[in-house]
There are 2 protein chains.
Amino acid sequence: MPETLLSARNLAFELYEVLNAEALTSRQRFSEHSRETFDAALDTARSIAEELFAPHNRKGDEHEPQYVDGAAQLIDEVKPALHAFMDAGFVNATRDFEAGGMQLPNLLSQACFAHFQAANIATASYPLLTMAAANLIEAFGDDAQKQRFLQPMIDGRFFGTMALTEPHAGSSLADIRTRAEPAGDGSYRLKGNKIFISGGDHGLSENIIHLVLARLPDAPAGVKGISLFIVPKWLIAEDGSLGPRNDVTLAGLFHKMGWRGTTSTALNFGDQGNCTGYLVGQPHAGLSYMFQMMNEARIGVGMGATMLAYAGYLYSLDYARQRSQGRLPDGKNAASGQVAIIEHADVRRMLLTQKAYVEGAFDLALYCARLFDDSQTLEDAEQRIQAGQLLDLLTPVAKSWPSEYCLQANALAIQILGGHGYTRDHPVEQYYRDNRLNPIHEGTHGIQSLDLLGRKVGQHGGAALKALSRLIIDTCQRAEPFTELDALRQPLEKLLARLSDVTLGLLGDLQQGRVNSALADSALYLKVFGHLVIGWRWLEQATHAEQGRLAGNPADVDFYSGKLQAARYFLLREVPGCHHDLDLLEQRDDTCLAMNEAWF
Amino acid sequence: MPETLLSARNLAFELYEVLNAEALTSRQRFSEHSRETFDAALDTARSIAEELFAPHNRKGDEHEPQYVDGAAQLIDEVKPALHAFMDAGFVNATRDFEAGGMQLPNLLSQACFAHFQAANIATASYPLLTMAAANLIEAFGDDAQKQRFLQPMIDGRFFGTMALTEPHAGSSLADIRTRAEPAGDGSYRLKGNKIFISGGDHGLSENIIHLVLARLPDAPAGVKGISLFIVPKWLIAEDGSLGPRNDVTLAGLFHKMGWRGTTSTALNFGDQGNCTGYLVGQPHAGLSYMFQMMNEARIGVGMGATMLAYAGYLYSLDYARQRSQGRLPDGKNAASGQVAIIEHADVRRMLLTQKAYVEGAFDLALYCARLFDDSQTLEDAEQRIQAGQLLDLLTPVAKSWPSEYCLQANALAIQILGGHGYTRDHPVEQYYRDNRLNPIHEGTHGIQSLDLLGRKVGQHGGAALKALSRLIIDTCQRAEPFTELDALRQPLEKLLARLSDVTLGLLGDLQQGRVNSALADSALYLKVFGHLVIGWRWLEQATHAEQGRLAGNPADVDFYSGKLQAARYFLLREVPGCHHDLDLLEQRDDTCLAMNEAWF
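Conventions and cut-offs
Every chain is numbered independently, its residues counted from 1 as its sequence is written. For this description, chains carry letters from A and ligands carry numbers from 1, given in the order in which they are written. Note on the predicted model: pLDDT of at least 70 is required for a residue's local features to be given, and 80 or more for side-chain atom pairs to be given and counted; whole-chain, interface and lining totals, by contrast, use all residues. Each side-chain value is worked out from all heavy atoms of the structure, with water and hydrogens disregarded. UniProt positions are given in the numbering used here, feature names are shortened, and annotations may be inferred rather than shown by experiment. Pairing of aromatic side chains here covers Phe, Tyr and the six-membered ring of Trp, requires ring centres within 6.5 Å, and sorts the geometry by plane angle: under 30 degrees stacked, over 60 edge-to-face, intermediate tilted. Helix and strand definitions follow DSSP, with helices as H or I runs of at least four residues and strands as E runs of at least two, each counted in order from the N terminus. Partly exposed residues are those whose accessible area sits between 20% and 50% of the maximum for their type, while under 20% is buried and over 50% is exposed, using a 1.4 Å probe and protein chains only. Sitting over a ring, as applied to charges here, requires NZ of Lys or CZ of Arg to be within 6 Å of the ring centre and within 35 degrees of the ring normal. Note on method: axes are straight lines fitted to C-alpha atoms, helices fitted across the in-contact stretch only, with angles between N-to-C directions ranging 0 to 180 degrees. Here is the rule for angles: anything less than 35 degrees is roughly parallel, anything more than 145 is roughly antiparallel, 65 through 115 is roughly perpendicular, and the remaining ranges are oblique. Residues count as neighbours in contact if any of their non-hydrogen atoms are within 4.5 Å of one another. Salt bridges are identified by distance alone: a Lys or Arg side-chain nitrogen within 4 Å of an Asp or Glu carboxyl oxygen. What qualifies as a polar contact is a pair of N or O atoms within 3.5 Å, subject to a donor-acceptor requirement within protein and to the restriction that residues adjacent in sequence count only when both atoms come from side chains. Two parts placed together each lose some accessible area under a 1.4 Å probe, and adding up what both lose gives the buried area. Domain ranges listed in this record stem from an automatic or a database domain assignment. Expected span, for any helix, means 1.5 Å times one less than how many residues it has. C-alpha atoms of residues with pLDDT of at least 70 in both copies form the basis for the least-squares superposition of the copies. Only strands joined by at least two bridges in the DSSP assignment are considered to pair.

Looking at an unreviewed UniProt entry, one finds chain A named Acyl-CoA dehydrogenase, with Phytopseudomonas seleniipraecipitans as its source organism. Its UniProt record, at the heading Cofactor (unreviewed entry), says of chain A: "FAD". Taken from UniProt, the Sequence similarities (unreviewed entry) comment for chain A reads in full: "Belongs to the acyl-CoA dehydrogenase family."

Take a look at the structure:
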């Protein structure tokens, strides 16, 4: 039977050849783990994903959540799937043993979670948000908050959300208006409207813990006046039992193109003037706390985009092997049989492109997960900080690149199936619709590009950017002994050199106050930067593939050849195309910026 | 109120400045027409499209055709919309006055029809197929067939379809299996199954005339053994009255990602051994007849893709003007008000990109419509042939380029609306879903690319290709006096020169039998060829914009400035990106071709 979620061989390559997951077991935190415990967790994830998540992926799309008597009603299959997920411990995969967790590296937790995203992105969204919300309370909540709100999340009884967007304030968080007034008893009364709150209502859990951005009465304007509040759907008594409903009402559901199984809600806080919330951490510091959750969610979005494309790639690959159609251009004899469409050059191009995008993005997502582990568990404090800074730099890329290119991969999967791919009899059209959300939520593509060029590349005196350059050069050096990789290495070196120049120039513009023009083509910059990063990851994969070939398991020759060919595809066919983009960035082409509104 | 379907000013620019539609009135066939009669037809089209097509566009998506008692049931709004369309004469827009037509140039007919495609692509598909089927019978049917089948189509009583695809034969028409046996009375008995037949069943018309590809008993294998049959849903008596049902049954409906208002059917011919059909023209010559209809449909697909993007562009433009969000990078003072998002450089980029794609594709579609007129009504027979050959060459581009880039435009329209664009509260997500069909039907992207490189560019000793080169050079020469166009002209000249070289090389390979490798990157060739053509059309538009600016209607300055900026966008930002693609073509890069099936 063909694999449907991801290639187990490729995952093993990533974990044990490229990213050296076993080395993590020499760190104290993970010392009780081994490749065996890692693989056991992965096996469990795959089987729950295949058996309980994948089977209702289409049904969740066809029967989107309904608004019934003020509540969101989901199909029945979601709850048992999530309970199996929680019972297997995945909600606490990275948490301490003594807190009931598996104390797995984040790398392994992400690798496990990827299976659920591939099987059913909509159902997987509920625990994704819950885990990120729990981590936020764990990091910034006080002991009482952890006792009341975090512990039931760990126990799988409460789910979580992040409530940021308001009708007039989406990308522009500086403008949120939800208010929070001190109630006198240490709690607050919130009033405001939030939209696009994923998982904002459902009957999957006993309670829902909303993490809400709001302003205190004395808040300064803008992002420095935003505070973070815990707002439960049901109030919680001193003894931890559920009290009455809080004044949080479901104003309505959004009906989306895809990703339909996840409720997207409009929530009203304090319609009756009686919405209780609890301040997390310091007043006016809420956005910085929220960014921990947001960064986690952004990397989750990147992995989700990747996995939707992974599932589509595998489906179209299997289809291309089964489906016969036509003959090769040099064998147009109608009396001969039709060939499997995988024989056609253009179908191979579409499959190889998908492979290059999917496996490139998958590697980056796992690399980022590994960086998170490094930022937490490396012995040297300085190295921990460096890992965290590099992760910060890569986050907009890890979020955006898959959102764009893995969506393109989904379009290619449809194309391979032809008319059949456009019908709802096959899953590829749903993957495409689902994936179209990813360039939008958790910060649009445009916001990510401003984050990268306007903030991240220049941060800490460019320390993270320099570290990234060093890592790329390291990879090139390790590739050098393999002469077959010369043709792949050179385009990467060339791109790195030019992008470094262009970056310096743009940072100079920013420092000299030419802000609007320096940032005008940030989306183009993000594209080139993303191609550099993915190109680097492909050279890294290619180097390990060459090493694997030398080490010589004959059963793996095909696998390694495929890796090399996909690396070749990306580095020869995609990376050099960035030089025209760099020309435009270098020239500070102002065609778009100079377009006058009246000219449209 | 903002325009929602297309810009009337832009249409007038195309018709009366770029394509000189008024000059057509000096041809005998169109001598009773004038700009006034043209504009009256356009006005009628716009008002019917706005009032009767657009209002049920979403409803047709939400309530797709249902299979009820062996028939397809549509929403009620489709029929009156189509009757208004027919009553206004659009089904016979190009037909002779004496046959009840408007005797309009095809250019004007297409310009009228574009309004319906923008308003409701699904409802517009029924008359598109009917008109193409009628034209086919008009061209190749005998007098009796014209009397029985064509006349009721002209009268708006019968609709038409094209029935090619079979479950095992989509792109590979050589492999169709539907059989046709002589019945002894001059008619035939058909037996076979067809799928993806658009408009294959409905209650919109008294009868449905299927144009069916099938094989006679003595047919040679492959495409040279395909014959064309008229197969009515209801048999027709000698006196023209409807007889009993023919043995054509609706086996089922396909449920699609988009374009849902058009029934996509599986039809069984001859389940009871009693399906009557009538041979059109000569035995075994059916595919060549069908290609007239297919070519018409392909150009219609290109215009449809364009109009979906046009509607999305205008919607997102209006949204960007109304929606406030955030501040410019150099004015990040939270106390100041938010700006309209059209002020943001990245939103301008997304709008200008849409404008460049949409108006470039629209110009090409209209240019092709004008070429069709030339192929029919130029006085000189040689020139008519040349126009037809050029149209043949451009057809795969006119079909494919908009299918790819106007779909990208739709993705940008969603992105401009952010989270709102992903909901079904706005039409942009539907445009995107609808448009995803266009790279698939009427010959996939891959098929078009093989048609272009494997057949069209080398046809007639390359005559059409040479004619195209001359036209591009002519445009460059007419642009030369405008020094501001120098920067736009040069990239086009450079691309033309290089693509010509690469084309010669590839044709040489084909002649020398290196067929598989020469055609391996045909999709890349199609992309570059398409960019050359659209770049040419943009330089042509820019030249007319400069002329318009000189002629000097001050009210039009903004309009012409927008044209120049969009031309600038396409020629400076998109066209030079093709050189990397040309590098790959020149090198005969075999990365995809060499990818082994076992390596995936």
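On we go.
Student: Can you break down the packing of aromatic side chains residue by residue, with the values?
Tutor: Applying the stated criterion across every chain, the model contains 43 aromatic pairs over all chains. Ring plane angle 70° and centroid distance 5.4 Å describe the contact between Phe13(A) and Phe559(A), whose orientation is recorded as edge-to-face. Note that Phe13(A) is positioned in helix α1 (residues 8–18) and Phe559(A) in helix α17 (residues 557–574), a separation of 546 residues in sequence. Judged by relative accessible area, Phe13(A) falls into the buried class, the value being 0%. What makes Phe559(A) buried here is its relative accessible area of 12%. Note on Phe85(A) and Phe90(A): the rings are 5.7 Å apart at their centroids and 40° apart in plane angle, and the pair reads as tilted. When sorted by exposure, Phe85(A) lands in the same class as Phe90(A), which is buried. Members of the aromatic cluster, joined through ring pairs, are Phe53(A), Phe85(A), Phe90(A), Phe113(A) and Phe116(A). A cation over an aromatic ring shows up here: Arg245(B) above the ring of Trp234(B), its NZ or CZ 5.4 Å from the ring centre. Geometry around Tyr432(A) places Arg436(B) over its ring, the cationic atom sitting 5.9 Å from the centre.

Student: An account of the packing of helix α9 (residues 345–377) of chain A against α17(A) is needed here, citing residue identities and associated values.
Tutor: All names here are of chain A. At a minimum axis separation of 9 Å, α9 and α17 run at an interaxial angle of 90°. When the axis of α9 is compared with that of α17, the two are roughly perpendicular. In contact with Arg349, Leu352, Thr353, Lys355, Ala356, Tyr357 and Glu359 of α9, α17 contributes Gly562, Lys563, Gln565, Ala566, Tyr569, Phe570, Arg573 and Glu574.

Student: If you had to explain the pattern of salt bridges to someone new, which residues and values would you point to?
Tutor: Residue and element names in this part refer to chain A. A full pass over the atoms with the stated rule returns 79 salt bridges over all chains. Here Asp346 makes a salt bridge to Arg349, at a shortest N to O gap of 2.7 Å. Of this pair, Asp346 and Arg349 both sit in helix α9, separated by three residues, roughly a single helical turn. The class of Asp346 is buried, set by a relative accessible area of 14%.

Student: Explain the side chain of Arg489(B) to me, using residue names and the numbers behind them.
Tutor: Residue and element names in this part refer to chain B. Mapped onto the elements, Arg489 comes out in helix α14 (residues 486–511). Engagement of the side chain of Arg489 in a polar contact is seen with the side chain of Asp486, the distance being 2.8 Å. Those residues in contact with Arg489, other than ones at most four positions away along the chain, are Cys476, Ala479, Glu480 and Leu539.

Student: Break down the interface of chain B and chain A for me, with residues and values.
Tutor: Taken together, the contacts link 96 residues of chain B with 96 residues of chain A. Each partner contributes to the roughly 8,100 Å² buried at the junction of chain B and chain A, and carbon and sulfur atoms together form 57% of this total. Interface area lost by chain B to chain A is led by Tyr422(B), Arg573(B) and Phe600(B), which between them contribute 12%. Between chain B and chain A we count ten salt bridges in total. The shortest N-O distance in the salt bridge between Asp589(A) and Arg573(B) comes to 2.8 Å. At the junction of chain B and chain A, the tally comes to 55 residue pairs in polar contact (both at pLDDT 80 or more).

Student: Pulling in residues and values, what's your account of the domain arrangement of chain A?
Tutor: All names here are of chain A. Taken as a whole, chain A is organised into domain 1 (8–67 + 74–143), domain 2 (156–285) and domain 3 (290–586). Relative to domain 3, the C-alpha centre of domain 1 lies at a distance of 23 Å. Across the contact, 35 residues belong to domain 1 and 40 residues belong to domain 3. Between domain 1 and domain 3, a total of about 3,300 Å² is buried, with carbon and sulfur atoms accounting for 57% of that surface. Looking only at domain 1, the three residues that lose the most surface to domain 3 are Asn10, Arg27 and Arg58, adding up to 18% of its buried area. Taken together, the connections running from domain 1 to domain 3 amount to four salt bridges. A salt bridge links Glu429 to Arg58; the nearest nitrogen and oxygen atoms lie 2.7 Å apart. Viewed at the interface, domain 3 and domain 1 are joined by 20 residue pairs in polar contact (both at pLDDT 80 or more).

Student: Pulling in residues and values, what's your account of helix α9 (residues 345–377) of chain B?
Tutor: In a regular helix each residue adds 1.5 Å, so 33 residues correspond to 48 Å; α9(B) covers 47 Å between its end C-alpha atoms and thus fits that length. Most of α9(B) is tucked away: 31 of the 33 residues are buried.

Student: Account for the relation of the copies chain B and chain A, naming residues and giving values.
Tutor: With an RMSD of 0.0 Å, chain B superimposes on chain A once it is rotated by 180° and translated 0.0 Å along the axis. Here the two chains are linked by the operation of a two-fold rotation axis. Judged by C-alpha distance, Gly577(B) is the residue of chain B that lies nearest the rotation axis, at 3.4 Å. Of the residues that chain B buries at the interface, 100% are likewise interface residues in chain A, meaning the two copies contact each other through the same surface.

Student: Report on the UniProt feature "domain: Acetyl-CoA dehydrogenase-like C-terminal" (unreviewed entry) in chain A, specifying residues and quantitative values.
Tutor: The sites that UniProt annotates as "domain: Acetyl-CoA dehydrogenase-like C-terminal" (unreviewed entry) are residues 472–595 of chain A. Helix makes up 77% of residues 472–595 of chain A and strand 0%, with an end-to-end C-alpha separation of 37 Å.

Student: So what's going on with the environment of Ser522(B)? Which residues, and what values?
Tutor: Residue and element names in this part refer to chain B. One can find Ser522 in helix α16 (residues 522–551). Along the backbone, Ser522 and Ser109 are 413 residues apart, and their C-alpha atoms lie at a distance of 32 Å. Every residue in contact with Ser522, bar those within four places of it in the chain, is listed here: Ser449, Leu450 and Leu453.

Student: So, unusual backbone geometry: which residues are in play, and what are the values?
Tutor: The phi torsion of most residues other than glycine is negative, and most of the peptide bonds are trans. You will see that Asp69(A), though not glycine, has its phi angle at about 50°, which is positive. Inspection of the secondary structure assignment puts Asp69(A) in the loop between β1 (66–68) and β2 (71–73). We note that His284(B) has phi near 65°; this positive angle belongs to a residue other than glycine. Looking at the element boundaries, His284(B) is found in the loop between β12 (275–280) and α8 (286–322). A residue is classified by how much of its surface remains accessible, and His284(B), at 23% relative accessible area, is partly exposed.

Student: So what about the pairing of strand β12 (residues 275–280) of chain A? Which residues, and what values?
Tutor: All names here are of chain A. Counting buried positions along β12 yields six of six residues, so the element is predominantly enclosed. The alternating pattern of β12 places Cys275, Gly277 and Leu279 and Thr276, Tyr278 and Val280 on opposite faces, both of which are buried. The sheet contact formed by strand β5 (residues 188–198) and β12 spans three bridges and is antiparallel. The residue bridging Leu190 from the neighbouring strand is Cys275, located in β12. Where strand β7 (residues 227–232) meets β12, three bridges bridge the pair, whose relative direction is antiparallel. Considered in β12, the bridge of Leu228 is made with Val280.

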